[in-house]
Structure formats: structure tokens, C-alpha cells
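So the chains spell out like this:
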Amino acid sequence: MPPENHLMKRICTFFLCLVALIVADAGAYAQTDTIPVKNPADTIPQNASADPALLAIFDAKNPKKYIIADIKVIGNKIFDPAIVISVSGLAVGDEVTIPGGDQFAKAISKLWSQNMFTNINIYITKLEDRSIWIEIDAVERPMLSDFKFKGVKKSEADELKEKVGLYKSRVVTDNMRMTAVENIRKYFVGKGFQGAEVTIQELPDPNAPGKVILNFLIAKGNKVRIDEIHFFGNESVPEYRLKKQLKGTKEKTHITLFPDTSGTPYGSVKRMSWKQFVHEKDYLKPSKAIQYLEPWFRFRFFASAKFDEKKYLEDKEKVLSYYNSLGFRDAVIEKDTQYITKKGNLDIALKVDEGNKYYFGNITWRGNTKYSDSILNVLLGIKKGDVYNIATLEKKLGKQLSPEGGDISSLYMDDGYLFFQVDPVETSVYNDTIDHEIQMREGPQANIKNVGITGNTKTKEYVIRRELRTVPGEKFSRTDLIRSQREIVNLNYFDQEKIGIQPVPNQEDGTVDINYSVVEKSSDQLELSAGWGGGIGLTGTIGVTFNNFSIKNIFNKKAWDPLPAGDGQKLSLRFQSNGRYFRTINFSFTEPWLGGKKRNSFTFSVFNSRFSNAYNPQTGYFDKKYSDSSYLSTTGASIALGKQLKWPDDYFTLVYTLSYIHYKSRNYPIFPGFNSGNSTNVNLKIALARSSVDQPIFPRSGSNFLLSGAFTPPWSYIKGIDETDIFKLVEYHKWRLNMEWFVPLGRATGEDKSRQFVLRVVAKYGFIGRYNNKLPVSPFERFQVGDAGLTNNYGVLGYDIIAHRGYPVYESSDPTINPDKQQASQFFTIFNKYTMELRYPFVTNPSSTIFGLAFFEAANGWYSFKEWNPFRLRRSVGVGVRFFLPMFGLLGFDYGIGLDRITPNGRLKDASRFTFMLGFEPE
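Residues numbered from 1 in each chain as written. Predicted model: local features only at pLDDT ≥ 70, side-chain atom pairs only at ≥ 80, totals over all residues. Heavy atoms only, no water.

Novice: Quick one: what's the story with the overall build of the protein chain, residue by residue and with numbers?
Specialist: If you tally the helices and strands in the protein chain, you get 16 helices and 37 strands. Here the protein chain holds 923 residues, and the buried ones make up 44% of them. Excluding contacts between residues fewer than 6 apart, the proportion of contacts in the protein chain whose partners are at least 24 apart in sequence is 61%. Looking at the protein chain as shown, the accessible area adds up to about 48,100 Å², and 55% of this sits on carbon and sulfur atoms. (Helix = DSSP H or I, 4+ residues; strand = E, 2+ residues; numbered from the N terminus. Buried < 20%, exposed > 50% of the residue type's maximum accessible area, 1.4 Å probe, protein only. Contact = heavy atoms within 4.5 Å. Areas by Shrake-Rupley, 256 points an atom, 1.4 Å probe, with all protein chains shown as cover.)

Novice: I'd love a proper account of the pattern of salt bridges, names of residues and values included.
Specialist: Opposite charge on two side chains permits them to pair, given that their charged atoms come into close proximity. Scanning all chains against the criterion turns up 44 salt bridges. Measuring nitrogen to oxygen at the nearest pair gives 3.7 Å for the salt bridge that ties Arg366 to Glu437. Placement of the pair is Arg366 in strand E14 (residues 359–366) and Glu437 in strand E16 (residues 433–441), with a sequence separation of 71 residues. Salt-bridge contacts for Arg913 lead to Asp787; the nearest nitrogen and oxygen are separated by 3.0 Å. In this pair, Arg913 sits in strand E37 (residues 912–918) while Asp787 sits in the loop between strand E31 (783–785) and strand E32 (800–802), placing the two residues 126 residues apart along the sequence. Members of the salt-bridge network, linked through shared partners, are Glu740, Arg760, Arg805, Lys833, Glu837, Arg839, Glu857, Arg882 and Asp894. (Salt bridge = Lys/Arg side-chain N within 4 Å of Asp/Glu carboxyl O.)

Novice: Break down the sheet that holds E14 for me, with residues and values.
Specialist: One open sheet holds the 3 strands; their spatial order is E14-E16-E15, and the pairing between them is mixed. Each edge of the open sheet carries a strand with a single partner, namely E14 and strand E15 (421–430). Going across the sheet, the axis of each strand differs from the next one's by a mean of 25°, ignoring polarity. The pairing of E15 with E16 spans 9 bridges and is classified as antiparallel. Within the sheet, the bridge partner assigned to Asp423 lies in E16 and is Gln439. Each of E14 and E16 touches helix H11 (residues 373–380); the most contacted strand, E14, lies at about 140° to it. (Pairing = 2+ DSSP bridges. Axes fitted to C-alpha atoms, helices over the stretch in contact; angles between N-to-C directions.)

Novice: Could you give an account of a positive patch on the surface, with specific residues and numbers?
Specialist: On the surface, a cluster of positive charge is made up of Lys153, Lys223, Arg225, Lys252, Lys306, Lys311 and Lys343. Relative to the elements of secondary structure, Lys223 occurs in the loop between strand E7 (211–219) and strand E8 (226–232). (Patch = residues over 30% accessible without salt bridge, like charges linked within 9 Å, V, L, I, M, F, W, Y side chains within 5 Å. Lys, Arg positive; Asp, Glu negative; His and termini not counted. Charge placed at Lys NZ, Arg CZ, Asp CG, Glu CD.)

Novice: Give me the lowdown on helix H10 (residues 309–325), citing residues and values where you can.
Specialist: Compared with the 24 Å implied by 1.5 Å per residue over 17 residues, the 25 Å span of H10 between its first and last C-alpha is a close match. Along H10, the positions that sit buried rather than exposed are Tyr312, Asp315, Lys316, Val319, Leu320, Tyr322 and Tyr323. Viewed along the axis of H10, the buried residues span an arc of 155°, placing them on a single side of the element. Residues of H10 that are exposed and point over 90 degrees away from its buried face: Lys310 and Glu317. For H10, the capping residue at the N-terminal end is Asp308, with a side-chain oxygen 2.9 Å from the backbone nitrogen of Lys310. Downstream of H10 by a residue or two, Gly327 has a phi angle that is positive, lying close to 100°. (Expected span 1.5 Å × (residues − 1). Arc of directions from axis to C-beta. Polar contact = N/O pair within 3.5 Å; in protein donor to acceptor, adjacent residues only side chain to side chain.)

Novice: Describe the nonpolar core, listing the residues and the values that go with them.
Specialist: Counting residues in hydrophobic clusters, the biggest one holds 28 residues, and the most contacted among them are Tyr663, Ile670, Phe671, Phe674, Phe780, Val785 and Leu797. Counting residues per element, the ones that place at least two in this core are strand E26 (652–666) and E31. Beyond its immediate sequence surroundings of up to four residues, Phe671 is in contact with Phe727, Pro779, Phe780 and Leu797. One finds Tyr66, Val84, Leu90 and Ala107 within the second-largest nonpolar core, a separate group that totals 24 residues. (Core = buried A, V, L, I, M, F, W, Y, C linked by side-chain atoms within 4.5 Å.)

Novice: Any details on the packing of aromatic side chains? Residues and values, ideally.
Specialist: This model, assessed by the stated rule, comprises 27 aromatic pairs. Aromatic side chains Phe307 and Tyr312 sit 5.3 Å apart centroid to centroid with 50° between the ring planes, which places their arrangement in the tilted category. The pair formed by Phe307 and Tyr312 is uniform in burial state, with each residue classed as buried. We note Arg483 situated over the ring of Tyr651; from NZ or CZ to the ring centre the distance is 3.8 Å. The positively charged end of Arg805 is found above the aromatic ring belonging to Phe855, 3.9 Å away from the centroid. (Phe/Tyr/Trp six-rings, centres within 6.5 Å; stacked < 30°, edge-to-face > 60°. Lys NZ or Arg CZ within 6 Å of the ring centre and 35° of its normal.)

Novice: Run through the confidence of the model for the protein chain, naming residues and quoting values.
Specialist: Per-residue pLDDT for the protein chain has a mean of 81; in total, 81% of the residues score no lower than 70. At the level of individual helices and strands, the protein chain shows its lowest average pLDDT in helix H9 (residues 289–293), which scores 40, and its highest in strand E28 (residues 702–711), which scores 96. Low pLDDT, under 50, characterises residues 1–50; the predicted model gives this stretch 73 contacts beyond four residues in sequence or across chains. Here residues 256–302 is a poorly scored stretch, pLDDT under 50, and it has 70 contacts once near neighbours within four places are set aside; other chains count. (pLDDT = per-residue confidence, 0-100.)

Novice: Explain the sheet that holds strand E18 (residues 500–506) residue by residue, including any values.
Specialist: Pairing is mixed across the open sheet formed by 3 strands, whose spatial order is E17-E19-E18. For this open sheet the edge positions go to strand E17 (447–454) and E18, each flanked by a neighbour on one side alone. The average angle at which neighbouring strand axes cross in this sheet is 20°, direction not considered. Sheet topology note: the E18/strand E19 (residues 511–517) ladder contains 7 bridges and is antiparallel. From the neighbouring strand, Ile501 faces E19, where its bridge partner is Tyr516. In this fold helix H15 (residues 478–491) packs onto E18 and E19, with an angle of close to 20° to the strand it touches most, E19.

Novice: If you had to explain the environment of Lys247 to someone new, which residues and values would you point to?
Specialist: Position of Lys247 among the secondary structure elements: in the loop between helix H7 (239–244) and strand E9 (254–257). Since its relative accessible area comes to 53%, Lys247 is described here as exposed. Separated by 68 residues in the primary sequence, Lys247 and Asp315 place their C-alpha atoms 6.5 Å from one another. Residues contacting Lys247, with those up to four places away along its chain left out, are Asp315 and Lys318.

Novice: Lay out the packing of helix H3 (residues 81–88) against helix H4 (residues 103–113) with the relevant residues and their values.
Specialist: Remark: H3 packs on H4, axes separated minimally by 8 Å, with the N-to-C direction vectors making an angle of 120°. Where H3 abuts H4, its residues Val84, Val87 and Ser88 lie against Ala107, Lys110 and Leu111.

Novice: Outline the pairing of strand E1 (residues 64–74), listing residues and values.
Specialist: Sheet topology places E1 next to strand E2 (residues 95–98); 4 bridges connect them, and they run antiparallel. By the bridge assignment for E2, Lys64 is matched with Ile98. Judged from the 7 bridges that link them, E1 and strand E4 (residues 131–140) form a sheet pairing that is parallel. From the neighbouring strand, Ile68 faces E4, where its bridge partner is Ile132.

Novice: Could you give an account of the environment of Asn456, naming the residues involved and the relevant values?
Specialist: Locating Asn456 in the fold gives a position in the loop between E17 and helix H14 (461–465). Placed 65 residues apart in sequence, Asn456 and Lys521 show a C-alpha to C-alpha distance of 9.9 Å. Contact partners of Asn456, with chain neighbours within four places excluded, come to Glu461, Ile464, Val518 and Glu520. Within the structure, Asn456 has its side chain in polar contact with the backbone oxygen of Thr459 (distance 3.1 Å).

Novice: Tell me about the side chain of Ser484, residues and numbers included.
Specialist: Looking at the secondary structure, you find Ser484 in helix H15. Engagement of the side chain of Ser484 in a polar contact is seen with the backbone oxygen of Asp480, the distance being 2.7 Å.

Novice: Pulling in residues and values, what's your account of a nonpolar patch on the surface?
Specialist: There is a patch of nonpolar side chains on the surface, built from Leu528, Ile542, Leu573, Phe575 and Ile585 and spanning about 410 Å² of accessible area. When you line up the elements, Phe575 lands in strand E22 (residues 569–577).

Novice: Account for the side chain of Arg805, with residues named and values stated.
Specialist: Along the chain, Arg805 turns up in the loop between E32 and strand E33 (830–845). Polar contacts involving the side chain of Arg805 include one to the side chain of Asp894, which spans 3.5 Å. Once you skip the residues sitting within four places of it in the chain, Arg805 turns out to touch Asp787, Thr835, Glu837, Leu853, Phe855, Glu857, Ser876, Arg882, Asp894 and Thr915.

Structure follows, in C-alpha cells:
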């Protein structure tokens with residue numbers, strides 16, 4: 001190319017850049033101050049001449065319009081030229097104005113906004129009449145071929161891959177690099193590595209032109225833990241109470257000693273690490289340490305001392321909230337700092353200004369017509385002179401509605417005042433006293449107009465509607481709304497986390513529409529289990545339970561999908577066997593709303609069991625040929641009618657069950673006096689139950705209560721005593737009392753607020769007695785205590801099988817007798833059992849519910865009230881996990897240690913037992 005053309009191109013480029021700067025005043029090129037514009041003729045000799053025709057294009061006094069004749073793209077390696085041209089917005093045939101136009105500036109802005117290029121230039125390479133030839137020089141950013149982490153463990157690298165936000169084949173940008181580095185550093189800071197440093201090594205991929213490999217070189221440094229936290233300026237609140245509010249910011253384990261019950265530290269607080277505590281040579285010698293441990297110290301074994309900036313900011317707000325709850329509403333944290341000590345640990349110092357302590361003054365009411373001031377004052381429960389706490393005031397007013405109710409808003413909303421509003425207003429602040437006026441807007445009472453239900457693709461609408469407490473025409477009630485939600489959850493047909501309730505007020509006519517939305521889930525269950533039962537060995541179980549069955553559509557072929565469903569009935573079939581020697585089959589059907597108008601349940605069930613001894617005395621082994629020579633069989637049926645009660649409240653139900661059981665034995669000495677013959681058990685069971693749990697699978701609150709009594713006719717008084725066969729007609733009276741509570745602990749966490757510790761407390765009692773003192777207590781229907789709760793040959797006799805984790809089945813009431821060294825051959829007439837479980841959910845969704853637990857359990861059995869001692873129990877501790885799968889029901893594993901099985905010279909594992917369950921939670 002002649003030197004003149006080089007000079008001409010250089011001059012044209014210069015004027016084009018000048019035009020771009022001029023049109024920026026119009027706003028179209030607002031971002032171009034960051035766009036690099038390169039002069040392509042920098043290497044052209046300075047003595048080159050310019051083409052006068054191209055120079056004329058940039059005559060500012062004479063702007064002209066030109067037609068783009070051709071567009072060429074250079075510098076691209078990955079992107080197709082057509083794509084670059086399309087993104088620029090320029091096209092052959094476009095008319096541009098030079099100078100004064102903004103078409104080129106907009107084209108550069110559009111290309112730059114894609115974040116795909118590191119340098120963009122536009123050149124005019126040729127001019128003929130009114131036609132110009134354009135060249136777009138676009139230097140692409142590299143793409144990510146791979147990324148690696150150096151200087152960390154493999155497990156850490158695997159976790160980082162999910163956190164850095166990098167994806168292969170994406171364009172590598174400066175923002176991507178910065179974000180990745182920040183995420184890596186945040187990850188290690190969260191693990192306590194406050195000084196973690198990250199550098200990036202960018203290498204071209206030799207196998208993929210235009211792509212790069214990013215190596216993140218990580219220097220974690222030393223782990224920094226919080227050694228001490230200091231508060232200054234806290235004259236009214238002890239430091240240890242303030243530290244207690246720091247839920248996510250904890251010190252390393254220290255001991256704080258308090259020599260008296262007032263909680264006032266002895267002089268300055270004596271603070272030591274655990275090692276210092278054990279080796280203290282002053283007044284805390286190891287031999288005397290135990291006397292100081294209880295109750296004058298506070299320490300934590302499992303507290304994390306990592307520093308988390310996000311949690312620290314939240315904790316500072318909690319400190320202020322705690323101050324506010326004590327009346328210090330003006331409390332502030334003036335300043336705080338974190339610094340590294342000489343030992344490399346982190347200390348935190350916070351200076352607080354407590355301000356004055358305030359108290360409630362006069363509280364007046366305005367706008368209330370429904371209830372008098374005196375009634376509202378009693379319900380509010382705040383008196384003049386009480387410590388000021390705005391959170392308590394708002395809770396009592398119901399500014400933040402809670403399921404428990406008991407506040408002013410609940411009082412009004414349970415009586416139809418859907419539009420009720422209440423606001424506390426400070427009217428006067430004098431000295432340390434604050435007066436309030438509670439301004440209320442009661443509004444009209446709202447009646448329910450329409451109740452809609454959506455999402456029920458399988459369940460019939462009437463099945464849901466009959467559970468609702470919100471009925472069209474009745475007054476709106478917040479309590480009824482919460483109760484309706486609970487009833488829908490306890491159907492167990494829907495995803496409990498996705499049940500929606502949406503009240504839609506209609507202020508024009510003073511009514512409200514309530515819309516319920518549900519999401520169906522699988523509620524049917526398939527039981528496949530195996531267990532080892534005493535006397536019968538390995539036992540397998542298969543069972544199916546259809547919890548949303550429709551018996552009226554059983555002959556409707558169109559309704560079989562795969563079975564007729566949607567009417568809320570329950571059909572269950574269960575078969576258990578070990579092949580040759582044991583089998584049992586059960587069938588039951590339940591209609592929860594007999595007649596369809598009231599919650600009156602009807603249940604019908606039949607069962608048959610057979611246990612064969614099949615022992616060949618000649619060989620000493622079990623033999624199928626002998627199965628008919630020694631066996632015990634049981635056949636029975638029952639009918640139950642249940643009724644929901646209105647008093648004491650409508651959580652109560654009363655159930656009557658009439659049962660008939662026939663026992664047939666042939667050469668089967670299951671207990672003395674019953675070797676061969678027939679026995680009949682006819683009994684009436686009356687059960688009073690109350691259930692208020694919030695959900696059936698993983699309850700977080702509520703309780704279960706059951707008091708039952710089963711009674712046979714007193715045959716010995718009606719027909720007299722048959723000395724030859726005292727077990728022909730079984731007679732007894734049997735009592736059961738079960739109490740179970742679920743208590744949520746701490747605050748719920750997680751995005752759906754489902755992660756929360758739950759304490760389960762259970763107490764159970766059972767007793768079977770006789771009518772006639774001349775007869776022994778019935779050997780039927782007794783209590784078997786111990787093991788995993790799986791049935792065995794004694795289950796054929798109707799025994800209540802009470803699980804006791806960590807122990808085998810036992811027959812002695814003396815906890816000092818090791819049950820491992822005896823074979824249970826008789827069972828209890830009285831039992832007590834107490835259980836405490838601390839549960840925590842890992843997964844709560846429709847496809848599965850998984851939670852872990854730690855338990856303490858104590859139980860025992862007795863044969864008479866003379867020896868009954870409810871505090872002389874066998875104790876056990878352990879851990880377990882539960883999986884609830886919609887198709888298979890409950891799957892559980894427990895590892896229990898029998899504390900009373902531990903011998904002085906024995907091993908711990910000899911006193912432990914691993915138990916497995918499937919399909920049900922054992923008693």
C-alpha cells in the first residue's frame with residue numbers, strides 16, 4: 001500500500017474518534033469514556049500523506065450522508081462475523097451522517113455491552129462517491145476451558161466448584177475473576193481462615209485456541225478463632241448475659257466462675273480455658289474441681305469460635321434487641337473492633353452506650369367499641385411501672401400474628417373483625433416513663449362469602465371441604481383458619497409445605513373469600529420389612545395401605561388409576577411370614593366420615609395368624625411334616641365406631657371397639673395350662689383420645705393423649721369357674737395410658753423455616769387385671785417389654801409389644817439382672833415407659849422426610865402392684881435416624897446402649913444393640 005494511503009487511513013481514524021467524542025453530548029455515547037479506541041496507523045511512518053477525499057468526510061462545517069457499502073470483521077477467532085455485525089446494529093445499505101452522526105458510537109456501545117470483547121475499533125477503509133467501506137476490529141475475550149484449585153484439600157476443592165460460580169465455555173471477564181476470588185475467600189473466612197489469599201494464574205489452553213485455564217492459587221494461612229469477646233460500657237447488664245445473645249459469634253471454650261447464686265462474679269470474673277481450669281493450682285485443684293463445677297460455672301463443649309461477618313452483624317442487632325427488652329430502648333453500640341492477638345487469635349471489643357432504662361406509664365385506648373378498656377387492659381397484661389419492652393407490647397397487640405393467639409388482634413379477628421388494625425403511639429416521655437395511646441380501627445365484622453379449593457387433582461373436593469372450619473355465611477375467624485390448615489395437613493394427602501390459604505377481603509359488602517390451594521402427594525404405602533423375632537427367626541412382611549381409597553368406585557373401571565381413590569377412606573392389607581413356621585394376615589377398612597355429615601369413623605378388620613412348632617423329636621430339627629402336630633392359631637375380627645367430641649374441646653375423640661378373637665392350640669405349650677384346646681376372647685374397648693399435633697410425619701408442636709380400657713365379660717361370675725379349662729373363656733380388664741408431647745426448641749432456620757430442634761416427651765403405662773381373685777391374671781393380652789418392638793410368637797396372643805431400645809426382651813423386674821443371660825418365658829401385667837427424644841429435621845419435602853434423633857429411654861415391667869415401682873427402671877441412651885418415604889412409610893435405625901447392661905469388666909459394645917424398623921414407629 002502506498003504511503004499516502006497509510007496516512008489517509010490514519011487521518012480518517014483520527015477524525016472518526018473525534019466525531020465519537022462530539023456526539024457523546026447527545027447521550028448516545030454515554031459509556032464510551034471507558035471504551036478503548038486504538039489508532040490503527042500508529043506504526044505508519046510520519047512522512048506519509050493523506051487522501052484529500054477522505055479528509056473531506058470529516059469537515060465539521062459540511063456534514064454529509066453516506067451509504068455503507070460493505071462491512072468487514074477482523075480480529076475475531078470464535079464468533080461468526082455475521083453475529084458481530086448483527087450485534088453492532090450496522091447493516092449494508094444503512095445511511096450514516098459524518099460528522100455529527102452517532103451510528104458508529106452506538107455500534108461500539110452495543111458490542112461493548114455484550115462483555116465479549118477486550119477492544120473494539122471501527123475503521124473507514126474505502127470511499128467511493130457516497131459509499132463507504134467499514135471494518136470492525138473486535139478483539140474477543142478468552143473462554144473458560146477449565147479451572148482448578150491449588151493449595152487446598154480435595155474435599156475443599158469439590159465444595160469450591162459449587163460456590164465459585166464458574167462455568168466452562170463461558171467468556172472470562174474481569175467481573176467473573178473478581179467474583180470467583182471473593183467467593184473463595186468468603187468460603188475460607190467462614191471456616192476461620194481470616195487471612196486467606198487467592199491469586200489467579202491464567203494459562204492458554206494448548207488444545208483449544210481462544211480458551212484459557214484458570215488456576216486459583218490459594219494460601220489459607222492459619223485458622224483464626226475468636227479467643228475473647230469484651231464489652232465496655234455495660235454498667236447495668238453483666239457481660240456474660242450479653243455474650244449469650246451472640247448466637248453466631250462464640251469465644252473459645254472458657255469457664256466463668258460465680259461464687260454465689262446471685263450471678264455476681266467474684267471480684268473480676270475468673271476466665272480460663274478448659275486446660276487451665278483442670279491444672280489451676282490456686283484454689284481449683286483437680287481433686288476439688290468437681291465441687292466448683294456445679295453449679296457455679298458456665299462453659300460450652302461444642303461452641304464454634306469461628307468468626308463470620310454476616311452472623312456478627314446479626315448478633316450485634318440481637319444485643320440491642322436484648323437491651324430493648326430490658327427497657328434500654330436508646331441503647332447503641334458506639335463502636336466495635338476486631339484485632340489479632342500475639343497468639344494469632346481474634347479478639348473482639350464492643351463499646352455500648354446503654355442509655356436510660358424506661359418503664360411503661362399510662363396506657364389508654366382509643367377507637368374501641370366492642371370491648372371495654374378494662375377487658376383490653378387485662379388481656380394486654382402490661383401495667384404501669386413494668387419495664388418498657390416494645391417487642392412485648394407489639395406481641396400482646398398482635399402486630400405479628402402467631403399461631404398461639406392470645407393477643408388483642410386475635411381477640412378481634414376471631415370474632416369476624418378481619419379489617420381490624422391497631423397501632424401503639426407514644427404520647428409522652430417524661431423522666432424514665434413512657435405513656436402510650438393504643439389507636440384501634442375495628443372496622444366491620446366480615447362474613448365468609450365463598451370458599452374455594454384448587455390443586456386437588458385426585459382427592460374429591462368434599463373430602464377437603466368437610467375438614468374446613470371456615471364455612472360460607474359464618475363470621476370470619478382466624479382460629480378457624482389455622483385449625484382448617486391443621487386438618488388439611490393431617491389428612492396426609494398433600495404437601496404440607498405448599499398448603500396455601502389466601503383470604504380475599506371484599507370491603508364493599510363486608511365479606512371475605514377464602515381460597516385454599518393444595519398440592520397432591522402420594523399417600524399410599526408399601527411395607528417391605530424383615531426382622532428377627534424370638535422363637536421364629538427371620539420374618540418377612542409385605543403390606544399395602546391405601547390412605548385415600550374410594551370403595552364406591554371399586555366397580556367403576558374408569559376410576560382405577562391404578563386404584564379407585566379420592567374419597568378419603570383407608571384400605572390396608574398386610575401379610576407376614578417366615579415361610580414354614582409362622583404367618584399372619586390382616587385386613588382392615590376405615591371410613592372416617594360414616595354417613596358423610598359428621599366426623600364419626602367406622603373401622604372393620606379381620607386377621608388370622610398361625611405359629612407352628614414343627615419340631616421333630618427324633619432329629620432335633622424343625623420339620624415341615626410336624627407343622628400340623630404342634631401349632632397355635634388365632635382368628636379374629638373387630639368393629640370400631642368413633643365419634644368426635646365437642647367437650648372439653650373438639651380435639652377429643654371417643655372410640656368403641658368390639659373384638660372377637662379365637663385361639664386354637666394343639667400340643668403347643670406356650671404357657672402353663674394352655675397346651676391343647678380352644679380359647680375365646682370377646683372384649684369391648686373404650687378409648688378416649690386427644691390429638692393436637694400440627695402434622696403427622698414430623699410434628700413440631702402439640703400433643704397426643706390416649707386413655708383406654710378393654711373389658712371382657714366376667715365369665716367366672718356368669719358361668720362359674722371351669723377347673724378343667726380355666727382359659728376357655730378369657731377374662732380380664734386392661735388399661736392403657738399414653739401421653740406424648742412435642743415441644744419446639746429455639747428458632748426455626750432454613751429458607752422454609754422448617755429446621756428446628758423438637759423435643760419429644762413420652763410417658764406410657766399399662767395394666768391388665770382380673771375380676772376374680774381365684775383365677776390367675778390372664779396370660780393373654782399381657783405386655784412384652786424389650787427389643788425393637790417387632791412381633792413374635794407371643795404377638796399371636798395379642799400381647800402389647802413395648803419396644804425398649806438397647807435391651808433384648810426381658811422378664812425380670814430387677815434392673816440388676818442382666819437380660820442377656822435369660823430367656824423370656826413370661827410377660828408382665830404392668831409396665832411403665834418414659835422416653836425423651838431430641839429430634840432435628842434434615843429434609844422436609846413431599847418426596848422424603850429425614851430426621852435424626854438422640855434419645856434417653858427408661859422402662860420396666862412388673863407382675864403385681866406390690867412390686868410395682870415406677871422409678872425402678874432399665875435405662876438406655878442412643879441415637880437414631882428416620883426416613884419417611886411416601887411409598888414405603890417409615891424406615892428407622894437406632895443404636896441404643898443399655899446402661900444397666902454395662903458390667904464392671906464388660907465392654908460398651910456388649911451392652912449396645914442396633915435396631916431396625918420399617919413401616920411403623922414401635923411402641
